[in-house]
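Here is how the chains run, residue by residue.
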Amino acid sequence: MAETPVLPVTLDRGSPTPLAVQLAEQLRAAAGDGRLRSGDRLPSTRALAGELGVSRTVTAAAYEQLHAEGWIAGRHGSGTYVTTSPPGTLRADRKPPRRETGRDDVVDLTPGSPWAEGIEQAAWRRAWRAASHVTPMVRPQRAGLPEYRAAVAEHLLRHRGLRVGDSDVLLATSGTSSAVAELGRAVLRPGDVVAVEEPGYQRAVGALRTAGLRVVPATVDADGLLVDAIPANVRAVYCSPAHQYPLGGRMSAARRVALVERARDQGWLVVEDDYDGELRYDVAPLPLLAALAPDVVVHLGTTSKILTPTLGIGWLVAPPPVVSAVLAHRDATGIGPAPAGQLVVVELARGGDLGRHLRRLRRELSERRTLVVETLVRGGVRVLGDDAGAHVVVPVPTADDERALVHAALERGLLLDGLARHHVGRARWFGVALGYAACSRDQLKRALPVLVELVGPGAG
């Protein structure tokens, strides 16, 4: 007999959303992201009602809705079970295809990896040698090394237009996902509701849920987060305004102003993930949310997209109370960013190598972006999200189309990342996110005609 799992459910009795709707939403999300798996047995409506302290009417209504949608099924005499995803959807926990094949001949076009081959090797080795000569530390630097924080402040001023004059608002982090997890544990409280872009960055979703927070989806369109779609009962909002992940939209100036005004009015904390904000093409820069409203915005950045994930570091700019809470959490847990990667960035910045690399990076990715967009558009393929970043999106009409495209591409030696897995709940955007930074130019030139053949007007 299948074991009944512990259900990841937290009901908010102060919310205007009915308890049955809350329960259905959370069970649907858990089935979609893999916390509940196909075949898991659910408790009876009576047992679940007793566990949650609600009436059986609530649990029965939630189960009826999920049964109608195809998320659960009843077996006579043996209870209720989670099914596979309903027809026409893809499992949101499905990993990018790179983890499903051991083939060496596949061109990896999944997004998220940097142009690491563009790092000048002499400068890289020089920075590591200089970092290795530093005297071993006696005490940990919970906020990050002072010289690293100074280098980041200069970087933010030069490349993102954000002036950070007070060291009390800038911390080193171990990367974006780690910073989101720290915020969830240090600043928010278990059961708090956080709105996340839908579709959005699922590692952030996982970090928030691990901290005991309730994640709710907030709709995006081709221009980013829809401010009016954010539920009123949230405590925080996570977004990626510079290049929405994964759709690639740039949030307009008007939406940015509307978001921070609503955050101030309703007491929200806005988490601005600027994961590849240094990369934009042929468009004017838009103001960072942190520049518009430093009192309610936490700005997150990372070296993973402009250099390499090898360094394992990033940064956080936040209001002083948030910084204090994060530092208190680090003091209590002993967790903090490792100094090695910080020292390498310091050395790269000190000699001007970081600035030179960023100039080469922008030039290289701008040329690749032109190659990708012109080839696809010329072949009749629609492209979204090409104003910034290192990936574009090729939309398709349905989940079946997405599944067929990913499979056919893999058969032809291309690894693509479908959009459906980037949803918290039921997928509504379908297509593929196409990264163009990590592969070689020759691989990209060979791959693009294949993609045109698979997606273009004559495909299928």
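Located above this text is the structure these notes cover.
Below or above, wherever it landed, is the structure these notes cover.

Conventions we followed
Residues numbered from 1 in each chain as written. Predicted model: local features only at pLDDT ≥ 70, side-chain atom pairs only at ≥ 80, totals over all residues. Heavy atoms only, no water. Helix = DSSP H or I, 4+ residues; strand = E, 2+ residues; numbered from the N terminus. Rg over C-alpha atoms; globule rule 2.2 N^0.38 Å. Contact = heavy atoms within 4.5 Å. Areas by Shrake-Rupley, 256 points an atom, 1.4 Å probe, with all protein chains shown as cover. Lys, Arg positive; Asp, Glu negative; His and termini not counted. Charge placed at Lys NZ, Arg CZ, Asp CG, Glu CD. Pairing = 2+ DSSP bridges. Axes fitted to C-alpha atoms, helices over the stretch in contact; angles between N-to-C directions. Parallel < 35°, antiparallel > 145°, perpendicular 65-115°, else oblique. Nonpolar A, V, L, I, M, F, W, Y, C, P; charged D, E, K, R; others polar. Buried < 20%, exposed > 50% of the residue type's maximum accessible area, 1.4 Å probe, protein only. Right-handed = clockwise from strand over helix to strand, strands pointing away.

Some remarks on the overall build of the protein
- Within the protein, the secondary structure is distributed over 14 helices and 16 strands.
- Against the globule reference of 23 Å for 460 residues, the protein gives a C-alpha radius of gyration of 23 Å, in line with a compact fold.
- C-alpha extents for the protein along the principal axes are approximately 70 × 55 × 45 Å.
- Sequence-distant contacts, at least 24 apart, represent 73% of the contacts inside the protein between residues at least 6 apart.
- Accessible surface, the protein: about 19700 Å² in total, of which carbon and sulfur atoms supply 51%.
- One finds the centroid of the 55 positive side-chain charges in the protein at a distance of 3 Å from the centroid of its 50 negative side-chain charges.

Quick word on the sheet that holds strand S13 (residues 391-395)
- As summarised here, the arrangement of the 3 strands in space is S13-S16-S15, forming an open sheet in which the pairing is antiparallel. Looking at which strands have only one partner, the edges of the open sheet turn out to be S13 and strand S15 (417-418).
- Pairing geometry for S13 and strand S16 (residues 431-435), over 5 bridges, is antiparallel. Within S16, the residue paired with Val393 across the bridge is Ala433.

Focus on the packing of helix H6 (residues 176-186) against helix H10 (residues 320-333)
- H10 packs onto H6 with a crossing angle of 95° between their chain directions and a minimal axis gap of 9 Å. Overall, the two elements H6 and H10 adopt an arrangement that is roughly perpendicular. Contacts between H6 and H10 pair Glu182, Leu183, Arg185 and Ala186 from the former with Val322, Ala325, Val326, His329 and Arg330 from the latter.
- Across the contact of H6 with H10, the residue classes tally to 5 nonpolar, 1 polar and 3 charged.

Re the sheet that holds strand S8 (residues 224-225)
- What the 8 strands build is an open sheet, ordered S5-S12-S11-S10-S9-S6-S7-S8; its pairing is mixed. In the strand order of this sheet, the two ends are held by strand S5 (170-173) and S8, each with one partner.
- Bridging between strand S6 (residues 193-198) and strand S7 (residues 214-221) involves 6 bridges; their strand directions are parallel. Following the sheet pairing, Val196 is matched in S7 by Pro217.
- Contacts between H6 and the sheet are confined to S5, strand S9 (236-239), strand S10 (269-273), strand S11 (297-302) and strand S12 (314-317), with S11 contributing the most and set at about 150° to the helix.

Details of the pairing of S10
- The buried count for S10 comes to 5 of 5 residues, which makes it a mostly enclosed element.
- Alternating positions in S10 separate into two faces, Leu269, Val271 and Asp273 on one and Val270 and Glu272 on the other, with burial throughout.
- Summarising the sheet, S9 and S10 pair through 4 bridges and their orientation is parallel. Following the sheet pairing, Tyr238 is matched in S10 by Val271.
- Each parallel crossover has a hand, and the one from S9 via helix H8 (residues 253-266) to S10 is right-handed.
- In this sheet, S11 lies alongside S10 in parallel orientation, the contact comprising 4 bridges. Within S11, the residue paired with Val271 across the bridge is Val298.

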